[in-house]
Amino acid sequence: MTTLARASATLTRDALTVLQPGFTGTSAPDWLLRRLGEGLASVGLFGRNVASPEQLAALTAQLRAERDDVLVAIDEEGGDVTRMEVRGGSSFPGNLALGAVDDTGLTHAVARELGRRLAACGANLNWAPSADVNSNPDNPVIGVRSFGASPRLVARHTAAWIEGLQGAGVAACAKHFPGHGDTAVDSHHALPRIDADPATLADRELVPFRAAVAAGTKAVMSAHILLPALDPALPVTLSPAALHGLLRGPVADGGLGFDGLIVTDGIEMRAVADAYGIERGSVLAIAAGADAICVGGGLADEDTVLRLRDALVTAVTDGRLPEARLAEAAARVRALGEWAKTAGGPDAARRIVPAPEVGLAAARRALRITPAEGAPAYRPPAGPVFVAALTPVAGIAVGDETPWGVAAELTRLLPGTTTAAYGSEDTARGASAVVAQVLDAAADRRIVAVVRDVHRHGWMAGVLDALLAARPDTVVVEMGVPQAPPAGAPHIATHGAARVCGRAAAEVITGVVTSDINGDITGNEAGH
């Protein structure tokens, strides 16, 4: 009985170790601290857990007091997907902006500064970067989160981003293996399918992930996608052929040879949860070769942790999950925790020279400005403007908490500026009705139309076309993927909707350059 009890305790500890759960609140609940003492080795942070850098540092210190090698994970891509600055917008442009500049030294510097800030707050595992090749411009979930549509461009910037982040002592997690860029479905809602053949997969999707492995990424996140070329039945997260066979497989046999931590995308996402349930999905994922189960974006309570722990234990005792596979997974989690304990943290952050200006500098370089054909040279407005924000529904990965656009920056630079948002529901009476509202609100002021992925939204394109027909001098700011032909006087492509992207666009519109990230105004004219 003693042997069985000891084995049961080890098994239970390993089952807790492979979970990466979330929680609610800005301090750690008692149940979470208790489970850390019982074997839980990772915690996932989301925007709901972050109020300020000081609060976040106190929270991570609270977690580390219970377990000094705890992995504190966060989904901080920069750009549109930010948790550190969820309520104000990111100080860093996202991947598409960095890809547009195509300076790997800049990408490295941005990731290093982002990593320094994470390390200073006690986060040591970042579920980033996105290594997806955005080969489908209609992709509803990747878009500006990708460095671009070229596999080799994505590969070199993925490697630079990983090296910059891990140079600050924060583990990187390349996602979403083997590539989510050719999907037209958001896996938060349903199971996407990619019908790429093995040759296309090797030449497109896998190129950045091979670069990520070569750059030493500490972790890789699996995608909840069906890729029949790898497995006709199971999504990648649950597929031994994809995880054990391809990602872990020897390079000589066509595999990637990755020996670090494999973590799943959120197991409660509907692409897995609807068909398998989170308990069975977790068991299948670990059996397939995953080492850690990400859960907590939507389910963030103790009951979820206990359900998954017990499902894993039961699967081992029933013979559906080899105990050695669970032990191997738990060992990888603990090994990464040991690396992070010595490589990162506030001490590591203090050894790095801060570079607070790098994000805004990168956002400025990412701008692409196209003047209106045949129009006179652009002259900044002398007074306030009206901002018409044509606003799509936010994806779950981005969330609707994070502000975006240029209105706040223009209001600061041009006092008296006002704004209004218009969505697809406002077009029930047609685009002309929306344009009439815009013209009435703007009166004689210059109009700035802000759009996001206009090529994906027919209602948005219709309103924009009608607005430009009525007011050809309208400035257009595209803050998504600039796939549609440029239109506006001028058209400004920011390649992302981060706060610094909005600031850089506002500088161009007003002709005023802000001197630093805090927004002090120099009064200098911007070059155009």
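Model, not experiment: these values are computed from the prediction. (Residues numbered from 1 in each chain as written. Predicted model: local features only at pLDDT ≥ 70, side-chain atom pairs only at ≥ 80, totals over all residues. Heavy atoms only, no water.)

## Focus: the overall build of the protein
Summing up its helical and strand segments, the protein has 18 helices and 16 strands in all. Radius of gyration (C-alpha) of the protein: 24 Å, near the 24 Å computed for a compact globule of 528 residues. The C-alpha extent of the protein, read off along each of the three principal axes, is 85 × 45 × 45 Å. Across the 528 residues of the protein, 59% fall into the buried class. (Helix = DSSP H or I, 4+ residues; strand = E, 2+ residues; numbered from the N terminus. Rg over C-alpha atoms; globule rule 2.2 N^0.38 Å. Buried < 20%, exposed > 50% of the residue type's maximum accessible area, 1.4 Å probe, protein only.)

## Concerning the packing of aromatic side chains
According to the stated counting rule, one finds two aromatic pairs in the structure shown. A centroid spacing of 5.9 Å and a plane angle of 45° characterise the contact between F46 and W127, whose relative ring orientation is tilted. Here F46 is found in the loop between strand 2 (42-45) and helix 3 (53-66), whereas its partner W127 is found in the loop between strand 4 (125-126) and helix 6 (151-166), with 81 residues between them in sequence. Here F46 matches W127 in class, with each residue buried. Centroid distance F177 to F209: 5.4 Å. Interplanar angle 85°. Geometry classified as edge-to-face. (Phe/Tyr/Trp six-rings, centres within 6.5 Å; stacked < 30°, edge-to-face > 60°.)

## Brief notes about the sheet that holds strand 3 (residues 71-74)
Judged by pairing direction, the sheet is parallel, and its three strands sit side by side in the order 2-3-4 without closing on themselves. Of all strands in the sheet, those bounded by a partner on one side alone are strand 2 and strand 4. Strand direction decides the pairing type here: strand 3 and strand 4, joined by two bridges, are parallel. Following the sheet pairing, A73 is matched in strand 4 by L125. Contacting strand 2 and strand 3, helix 3 crosses the sheet at an angle of about 165° to strand 2. Along the sheet face, helix 12 (residues 323-343) touches strand 2, strand 3 and strand 4 and points at about 90° away from the line of strand 3. (Pairing = 2+ DSSP bridges. Contact = heavy atoms within 4.5 Å. Axes fitted to C-alpha atoms, helices over the stretch in contact; angles between N-to-C directions.)

## A look at the confidence of the model for the protein
Confidence in the prediction of the protein, expressed as mean pLDDT, is 92, and 95% of residues score 70 or more. Confidence drops under a pLDDT of 50 for residues 1-6, and excluding neighbours within four residues, the segment shows zero contacts in the predicted structure. Taken together, the stretch residues 517-528 has pLDDT below 50 and engages in 35 contacts with residues farther than four places along the chain or on a different chain. (pLDDT = per-residue confidence, 0-100.)

## Quick notes on the nonpolar core
L63 and F177 are the most contacted members of the largest nonpolar core, which totals 95 residues. When residues of this core are assigned to their parent elements, the largest contribution, seven residues, is made by helix 11 (residues 302-318). Ignoring any residue separated from it by four or fewer positions in sequence, one finds F177 in contact with L206, F209, V220, M221, S222, A223, V236, A242, L243, L246, L247 and L256. Core analysis: the next-biggest nonpolar cluster, separate from the first, contains 26 residues, V387, V406, A407 and I492 among them. (Core = buried A, V, L, I, M, F, W, Y, C linked by side-chain atoms within 4.5 Å.)

## Re the packing of helix 16 (residues 431-442) against helix 17 (residues 458-470)
Where helix 16 meets helix 17, the closest approach of the two axes is 9 Å, and the angle between their N-to-C directions is 50°. Viewed along their axes, helix 16 and helix 17 adopt a mutual orientation that is oblique. Crossing of helix 16 over helix 17 shows right-handed handedness. In this structure, helix 16 uses A431, V434, V435, V438 and L439 to contact helix 17, whose residues at the interface are G462, V463, A466, L467 and A470. Of the residues that constitute the contact of helix 16 with helix 17, the class distribution is nine nonpolar, one polar and no charged. (Parallel < 35°, antiparallel > 145°, perpendicular 65-115°, else oblique. Left-handed = near helix turned anticlockwise from the far one by under 90°. Nonpolar A, V, L, I, M, F, W, Y, C, P; charged D, E, K, R; others polar.)

## So, the sheet that holds strand 11 (residues 418-422)
One open sheet accounts for six strands, arranged 9-14-13-12-10-11; its pairing is mixed. The open sheet has two edge strands with one neighbour each: strand 9 (368-370) and strand 11. Neighbour-to-neighbour, the strand axes of the sheet open up by a mean angle of 20°, direction not taken into account. Bridge analysis of strand 12 (residues 446-451) against strand 13 (residues 475-478) gives four bridges, and the strand direction is parallel. Each bridged residue has a counterpart across the sheet, and for A449 the counterpart in strand 13 is V476. Helix-sheet contacts for helix 16 involve strand 10 (385-390), strand 11 and strand 12, and the interaxial angle to strand 10 is about 155°. Against the sheet, helix 17 touches strand 10, strand 11, strand 12 and strand 13, its axis set at about 165° to strand 12.

## Quick word on the pairing of strand 2
Burial along strand 2 is two-sided: the residues S42 and G44 and V43 and L45 are all buried. The sheet contact formed by strand 2 and strand 3 spans four bridges and is parallel. Opposite G44, over in strand 3, you have A73 as the bridge partner. A crossover links strand 2 with its parallel partner strand 3, the connecting element being helix 3, and its sense is right-handed. (Right-handed = clockwise from strand over helix to strand, strands pointing away.)

## Let's talk about the side chain of Q55
Along the chain, the position of Q55 falls in helix 3. Since its relative accessible area comes to 15%, Q55 is described here as buried. Within polar-contact distance, the side chain of Q55 engages the backbone nitrogen of A51 at 2.6 Å. Every residue in contact with Q55, bar those within four places of it in the chain, is listed here: T26, N49 and V50. (Polar contact = N/O pair within 3.5 Å; in protein donor to acceptor, adjacent residues only side chain to side chain.)

## Digging into the environment of P235
Within the element layout of this structure, P235 appears in the loop between strand 6 (219-222) and helix 8 (240-247). The buried category is assigned to P235, whose relative accessible area is 1%. Through-space distance from the C-alpha of P235 to that of R456 is 26 Å; in sequence the pair is 221 residues apart.

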